[in-house]
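# Architecture and fold: a report
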Amino acid sequence: MAHLDDTQFMTWGKRLALFGLGLLLSLGQAPFDLTFIYFVILPFIGWCLRDIQRSKLGFGIGWWFGFGYFALTMNWIMEPFLVDVQLTGWMAPFALGFMAAGLALFWGAAFATAVKIMPTGAGRLVVLAVSWTVFEYLRANILTGFPWGHLSYGLVPLPLSQMLAWFGIHGTGLLLLLICFLPAMFAPRIWHGAMLGVIILFVIGALGVWRVSDPMPMNPKNTVVRVVQPNAAQDLKWRRDMVDVFYKRQLGYTAAKTPKRPDIVIWPETSIPYLLQDSLPILQEIGTASGPSTSVIAGIVRRVGDAPRNSLLFLDQVGGVNTIYDKQHLVPFGEYMPFAALIDRLGLSGLTGLAGRFQAGQGPRTIAGRNVPDFIPLICYEAIFPQYSRPQAQGAQWIVQITNDAWFGNFSGPYQHLAQARTRAIESGLPFARSANTGISAMIDPYGRVIQSLKLGTAGYFDQTLPAPAPRTFYAKTGELPWMVFAALLLIYTFMRALRTPVKKD
């Protein structure tokens, strides 16, 4: 394949083949978790790119491959449009198509960059691993960022995932790519590269097993956490005849008698169905249900001036508002319309009505827990961003996420969101409690293992003693800096080696 000319290579048959390979690669993500597919497809993609001549062809390979990958990984993006099928159902395939095509641009740009700046050969694949990592980092940060579907999330079920504690998703992704490209780097001695890759994976896996081998200690305060899951389907959640049904269900779970009362009860995102300004009797009722020794975390919408905010309340034992956290990273086109002011000035204000006019909060924080250990609050989509779990890790003892995953449907979205929560636990070394409206609610230990959960699409609650945090991780201390330094040194070495390599004459 490397010896075919550009025009012959990029026939529609080859484009569809690359699209199909991207679809197969996405099977490494939840809910499939077929991670072994990485070690089959990524080496082949590296071989395809190793010796081509034109950056335009490199872009085409990366874009078609990424288009297939994101088309399946992001299929849940259609679900919000299917809540009201008659009104918005027609938008669903367009939303998925535009999303997959847009995210694939980052992969196309990464592949084109590698071809453009490095001659053919093994060095090309080193540059590809670095450029792919850099463009994934850009995808996670520019235009508000969207790191969903990163390859590293596919490692979560394996001991290899413990690399995340050292390097985070981007550094781990860089190492994964370098390992997968080894067979193509060693070509024509492909098996030599493959064996070296297997040895490296074995060592990393053994280190991962060693890291999680110690018994999991419980929090010295013996804190008991109750996680509530009301299972309010999105098409029923705000229906007048159902609002009180779901609220009373949560209230009943909160008041449920057990031999040891929980220290804190967690309700999901927007679980209090009224504005905060109108909810004083409701909060008092929640305080009565929880009892005199139990605090409550719950989601609510409140207004600051004319702007609504998606908020998390930390309520004391009598229903008083101890702390309010406002969601800091809003969902574009869902909670707000990008460039809304400009759109209004252009006379297209009807478009901004397609999204909420929510206002973002002030930024990350740690909430003083009083009767429970201090914690990092996250609302829904914020859990996909590593930076919101990392900066406060030194003072916090655990992470709390409230979310409404009913928007994500029942196929892949909720499982992928859970995998990302597990990743945040490994990166930070903190236990992670998540209350999801329709699931998957879970308690995750600081090594990313789910120790208690409620199945998707079920109503209920569970009580779980909060695990103690692990020792502060290398990633929590350093963030993205180590992989950036490593990538820079790797590039310098690769370029110097390329300059010293004599050009073979025919």
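Further up the page is the structure itself.
Just so we're clear, the structure is a prediction, and the values are computed from it rather than from any experiment. (Residues numbered from 1 in each chain as written. Predicted model: local features only at pLDDT ≥ 70, side-chain atom pairs only at ≥ 80, totals over all residues. Heavy atoms only, no water.)

Now for the overall build of the protein chain. The secondary structure content of the protein chain amounts to 18 helices and eleven strands. For 506 residues, the compact-globule estimate of 2.2 N^0.38 gives 23 Å, and the protein chain sits close to it at 24 Å. The C-alpha extent of the protein chain, read off along each of the three principal axes, is 85 × 60 × 35 Å. Buried positions account for 56% of the 506 residues belonging to the protein chain. When contacts within the protein chain are restricted to residue pairs at least 6 apart in sequence, long-range pairs at least 24 apart make up 68% of them. If you sum the accessible surface of the protein chain, you get close to 21,600 Å²; carbon and sulfur atoms cover 66% of it. Here the protein chain contributes 40 positively and 28 negatively charged side chains, and the mean placements of these two sets differ by 7 Å. (Helix = DSSP H or I, 4+ residues; strand = E, 2+ residues; numbered from the N terminus. Rg over C-alpha atoms; globule rule 2.2 N^0.38 Å. Buried < 20%, exposed > 50% of the residue type's maximum accessible area, 1.4 Å probe, protein only. Contact = heavy atoms within 4.5 Å. Areas by Shrake-Rupley, 256 points an atom, 1.4 Å probe, with all protein chains shown as cover. Lys, Arg positive; Asp, Glu negative; His and termini not counted. Charge placed at Lys NZ, Arg CZ, Asp CG, Glu CD.)

The next subject is a nonpolar patch on the surface. On the surface, a nonpolar cluster with roughly 450 Å² of combined accessible area is contributed by Phe32, Leu34, Phe36, Val40 and Phe411. Along the chain, Phe32 falls in the loop between α2 (12-25) and α3 (38-50). (Patch = residues over 30% accessible without salt bridge, like charges linked within 9 Å, V, L, I, M, F, W, Y side chains within 5 Å. Salt bridge = Lys/Arg side-chain N within 4 Å of Asp/Glu carboxyl O.)

Attention now moves to the nonpolar core. In terms of nonpolar packing, the biggest core is built from 103 residues, with Phe65, Trp132 and Trp398 touching the most fellow members. Not counting residues up to four positions away in its chain, the partners in contact with Trp132 are Leu42, Phe65, Trp107, Ala110, Phe111, Leu151, Leu177 and Phe181. Ranked by size, the runner-up nonpolar core spans 17 residues in total, among them Leu251, Leu276, Ile286 and Leu315. (Core = buried A, V, L, I, M, F, W, Y, C linked by side-chain atoms within 4.5 Å.)

Another aspect to go through is the environment of Val224. Assignment of secondary structure puts Val224 in strand β1 (residues 224-229). In this structure Val224 comes out as buried when scored by relative accessible area, which is 7%. When neighbours within four sequence positions are excluded, Val224 is seen to be in contact with Lys260, Arg261, Pro262, Asp263, Ile264, Asp463, Gln464 and Thr465.

This next bit is on the packing of helix α7 (residues 92-117) against helix α8 (residues 122-139). Relative to each other, α7 and α8 sit at 150°, their axes nearing to 8 Å. Between α7 and α8, the angle is such that the two are roughly antiparallel. Of the two possible hands of crossing, α7 and α8 adopt the one that is right-handed. Of α8, the residues touching α7 (which contributes Leu103, Phe106, Trp107, Ala109, Ala110, Phe111, Thr113, Ala114, Val115 and Ile117) are Arg124, Val127, Leu128, Ser131, Trp132, Phe135, Glu136, Leu138 and Arg139. (Axes fitted to C-alpha atoms, helices over the stretch in contact; angles between N-to-C directions. Parallel < 35°, antiparallel > 145°, perpendicular 65-115°, else oblique. Left-handed = near helix turned anticlockwise from the far one by under 90°.)

When you tally the buried positions in strand β3 (residues 295-304), you get eight out of ten residues, the bulk of the element. Counting the residues in the hairpin turn of β3 and strand β4 (residues 307-315) gives two residues, including Gly305, whose phi is positive at 70°. (Pairing = 2+ DSSP bridges.)

A word on the sheet that holds β1. Overall, mixed pairing links the six strands, which are arranged β5-β4-β3-β2-β1-β11 in an open sheet. In this open sheet, the two strands that pair with only one neighbour each are β5 (321-326) and β11 (460-465). With direction set aside, neighbouring strand axes in the sheet form an average angle of 30°. Relative to β11, β1 runs antiparallel, the two sharing six bridges. Bridge pairing links Arg226 to Asp463 in β11.

Taken as a whole and assessed by the stated rule, the structure comprises eleven salt bridges. Residues Arg50 and Asp51 are paired through a salt bridge, measuring 3.7 Å at the closest nitrogen-oxygen approach. On the basis of relative accessible area, Arg50 is assigned to the buried category, the value being 14%. Measuring nitrogen to oxygen at the nearest pair gives 2.7 Å for the salt bridge that ties Arg226 to Asp463. With Arg226 in strand β1 and Asp463 in strand β11, the pair connects residues that are 237 residues apart, well separated along the chain. Asp463 sits in the partly exposed class, given a relative accessible area of 23%. Put simply, Arg302, Arg309 and Asp326 are held in one network by salt bridges that share partners.

Along helix α13 (residues 280-290), the positions that sit buried rather than exposed are Ile282, Leu283, Ile286, Gly287, Ala289 and Ser290. Taken down its axis, α13 places every buried residue within 165° of arc, on the same side. The outward face of α13, more than 90 degrees from its buried face, is lined by the exposed residues Leu280, Pro281 and Thr288. For α13, the elements touching its buried residues are α12 (240-255), β3, β4 and β5. Remark: Gly291 follows α13 within two positions and exhibits a positive phi of approximately 95°. (Arc of directions from axis to C-beta.)

Viewed as axis vectors pointing N to C, helix α4 (residues 55-73) and α7 meet at an angle of 145°, and their least axial separation amounts to 6 Å. Remark: the crossing between α4 and α7 carries right-handed chirality. The class makeup of the residues in the contact of α4 with α7 is 19 nonpolar, six polar and one charged. (Nonpolar A, V, L, I, M, F, W, Y, C, P; charged D, E, K, R; others polar.)

Mapping Arg124 onto the fold places it in helix α8. Not counting chain neighbours up to four residues away, the residues in contact with Arg124 comprise Leu49, Arg50, Asp51, Ile52, Ala114, Val115, Met118 and Pro119.

What is meant by a disulfide is a covalent connection between two cysteines, made through their sulfur atoms. Under the defined criterion, the tally for this structure stands at zero disulfides. You can see Cys48 has no disulfide; the closest cysteine sulfur is in Cys180, sitting 14 Å from it. Residue classification places Cys180 among the buried residues on the basis of a relative accessible area of 2%. (Disulfide = S-S within 2.5 Å.)

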